[in-house]
Amino acid sequence: MKYISTRGGIEPIGFKEAVMMGLARDGGLLLPDTIPAVNKETIKKWQGLKFADLSFEVIRLFAPDIPAADLKEIIQRSYATFSHPEVTPLVKHGKVHILELFHGPTLAFKDVALQFLGNVFEYLLKESGQRMNILGATSGDTGSAAIYGVRGKERINIFIIHPHKRVSRIQELQMTTVVDANVFNIAIRGTFDDGQAIVKTIFNDLDFKDKYGLGAINSINWARIVAQVVYYIYAALQFKEGRVDFSVPTGNFGDIFAGFIARRMLPDHIRNLVLATNENDLLSRFVTKGEYSLGKVVQTTSPSMDIQVASNFERFLYYLYNEDSGRTREAMASFGKSGRLEFSQKEQQRIKENFFALAVNQSETTATIADFHKETGYVLDPHTAVGVRAALHYIDDQVPMVCLSTAHPAKFGDAVLQAIGREPELPASVAGLEDKESRCQILDADVDQVKAFVEANGL
Ligand SMILES: *Cc1c(COP(=O)(O)O)cnc(C)c1O
């Protein structure tokens, strides 16, 4: 298996190189040249495997250039940090099944991919003798998951910028109380957008990028997608026969794109994918109206989906265009100029065959947390509630519905308090954070200040 760019501008490369490249050098996104077919016999073998063992069986299909024993060890280590023995347990509540993806160290689903990616980075850097300085901006969840993914690792330093006093207290503490020598938190006096703009500017300074071996950790890395494919298969195979539907709260199109790949591999086990957004409805509009056009970001109670540029969208576009990279390249160039894309009747039909979609507003989200709690006693986080709301809209009696639960409710305690009148109980991993030592550098929202800080502390 080789990896190609959605824009067709690179020679095919292996998995290892694809992970290190992140974004394809021609500006496109990397994809495998084929999606492996899985026969009935293999599926039978996969049924009943533990999460980490299944993870190994799935990921090895996409990463033939990592020796099996090494890959197995990397994966075992990545999921040993999860607090639940099943890693991503599936629990039934009311009419739906909840796939709990929040038992990792930072209590959000991003741990599933970033625990793996951190270990893969470390492995590949050791092999090549190189080093990497990771630089990223976060509005909360990605930063802590990335920090926990690489803390204490050799040959990697990580610099994460968050907007000073504009992330939740728990999110801030989850980042700043990691005081390993290779972790550098930067709080800028500005917004998340300021942070992202700074990161973008620094990555565009190619001399600086090369000199410091800058690495990115955002959701365009293929290793993140492939790690997420696993939990769809893990959940689907727990139903002994027939197909299941999935509901996915999404912003970047990353998580649901992993579901799209999983369904390609197991078409007899996965039926519908429900794409749920909050008021930032770029993606749900894409499915229901057949247009992809930028809107303004509005703040909601599900902040990790307050996004108007879906960084993984181009991967789906490539398949929608029947794997035509020329067409994908033209479409993205045109989107770059006009901020919108339109689709033919026939394409709209195909989009609708692939996804159901619903945008869920904040009062509906709050009501869903409250109603679900009243009916089942189970507390949903606001992101998960967006997905559950959409799931209940589309559910039918034919097949089971699995709702991806992307965060522990304690991470978004204010939204939960509003809905059910009390804050969720804090899990042990975050209960003691206030008393821990913390470290963070406060800087102006200024490229030169951030650069100077990376120069002073980079590997
Ligand atoms: C990042 C995040 C999402 C959105 O994931 P995408 O890959 O952008 O679809 C949803 N919920 C939570 C809690 C997140 O942290």
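Residues numbered from 1 in each chain as written. Predicted model: local features only at pLDDT ≥ 70, side-chain atom pairs only at ≥ 80, totals over all residues. Heavy atoms only, no water.

## Overview of the pairing of strand β10 (residues 270-277)
A large share of β10 lies buried, amounting to eight of its eight residues. Considered for its hand, the β-α-β crossover made up of strand β9 (residues 244-249), helix α11 (residues 254-265) and β10 is right-handed. Pairing of β10 with strand β13 (residues 356-359), which is carried by four bridges, proceeds in the parallel orientation. Its bridge partner being in β13, L275 is matched across the sheet by A357. (Buried < 20%, exposed > 50% of the residue type's maximum accessible area, 1.4 Å probe, protein only. Helix = DSSP H or I, 4+ residues; strand = E, 2+ residues; numbered from the N terminus. Right-handed = clockwise from strand over helix to strand, strands pointing away. Pairing = 2+ DSSP bridges.)

## As for the site of the ligand
Around the ligand sit 15 residues, and of these K110, D141, T250, N252 and T406 come closest. At a separation of 2.7 Å, an oxygen atom of the ligand approaches a polar side-chain atom of D141. Contact distances for the ligand include 2.7 Å between an oxygen atom and a backbone N or O atom of N252. When isolated, the ligand has an accessible area of 390 Å², and the protein chains bury 97% of it. By residue class, the composition of the shell around the ligand is five nonpolar, seven polar and three charged. (Near = heavy atom within 4 Å. Polar contact = N/O pair within 3.5 Å; in protein donor to acceptor, adjacent residues only side chain to side chain. Areas by Shrake-Rupley, 256 points an atom, 1.4 Å probe, with all protein chains shown as cover. Nonpolar A, V, L, I, M, F, W, Y, C, P; charged D, E, K, R; others polar.)

## Details of the sheet that holds strand β5 (residues 132-137)
Strand pairing in a sheet relies on backbone hydrogen bonds. The paired strands run either parallel or antiparallel. Taking strand neighbours across the sheet as the criterion, the five strands line up as β8-β5-β6-β7-β15 in an open arrangement whose pairing is parallel. Every interior strand has two partners, whereas the edge strands, β8 (214-215) and β15 (441-444), have only one. As paired strands, strand β6 (residues 156-163) and strand β7 (residues 183-189) are joined by six bridges and run parallel to one another. Across the sheet, residue F159 finds its bridge partner in β7, namely F184. Those strands touched by helix α5 (residues 110-128) are β5 and β6, and its axis lies near 145° from that of β6. (Contact = heavy atoms within 4.5 Å. Axes fitted to C-alpha atoms, helices over the stretch in contact; angles between N-to-C directions.)

## Digging into the sheet that holds strand β14 (residues 401-405)
Judged by pairing direction, the sheet is mixed, and its six strands sit side by side in the order β3-β4-β14-β9-β10-β13 without closing on themselves. Edge positions in the sheet fall to β3 (90-93) and β13, since each of these pairs with one other strand and no more. When the angles between neighbouring strand axes are averaged without regard to direction, this sheet yields 25°. Both β9 and β14 contribute to a ladder of three bridges, which runs parallel. For S247, the partnering residue across the bridge sits in β14 and is C403.

## As for the nonpolar core
One finds F116, F246 and M265 to be the most contacted residues of the largest nonpolar core, which totals 112 residues. Examining the composition of this core, we find that 13 residues originate from one element, helix α10 (residues 222-236), more than from any other. Once you skip the residues sitting within four places of it in the chain, M265 turns out to touch I35, P36, V38, W46, V58, L61, F62, V229 and I233. Of all hydrophobic cores here, the second largest spans 22 residues; its members include I369, V386, A390 and A391. (Core = buried A, V, L, I, M, F, W, Y, C linked by side-chain atoms within 4.5 Å.)

## Brief notes about the packing of helix α12 (residues 282-289) against helix α15 (residues 345-354)
One can describe the packing of α12 onto α15 by two numbers: an axis separation of 8 Å at closest approach and a directional angle of 120°. The orientation of α12 relative to α15 falls into the category oblique. Contacts between α12 and α15 involve F286, V287, T288 and K289 from the first element and Q348, I351 and K352 from the second. (Parallel < 35°, antiparallel > 145°, perpendicular 65-115°, else oblique.)

## Comments concerning the environment of S325
Topologically, S325 is positioned in helix α14 (residues 325-338). Expressed as a C-alpha distance, the spacing of S325 and G8, which sit 317 residues apart in the sequence, is 5.1 Å. Excluding residues that lie within four positions of it along the chain, S325 makes contacts with S5, T6, R7, G8 and Y318.

Interpretation note: all reported values are geometric properties and have no functional meaning in isolation.
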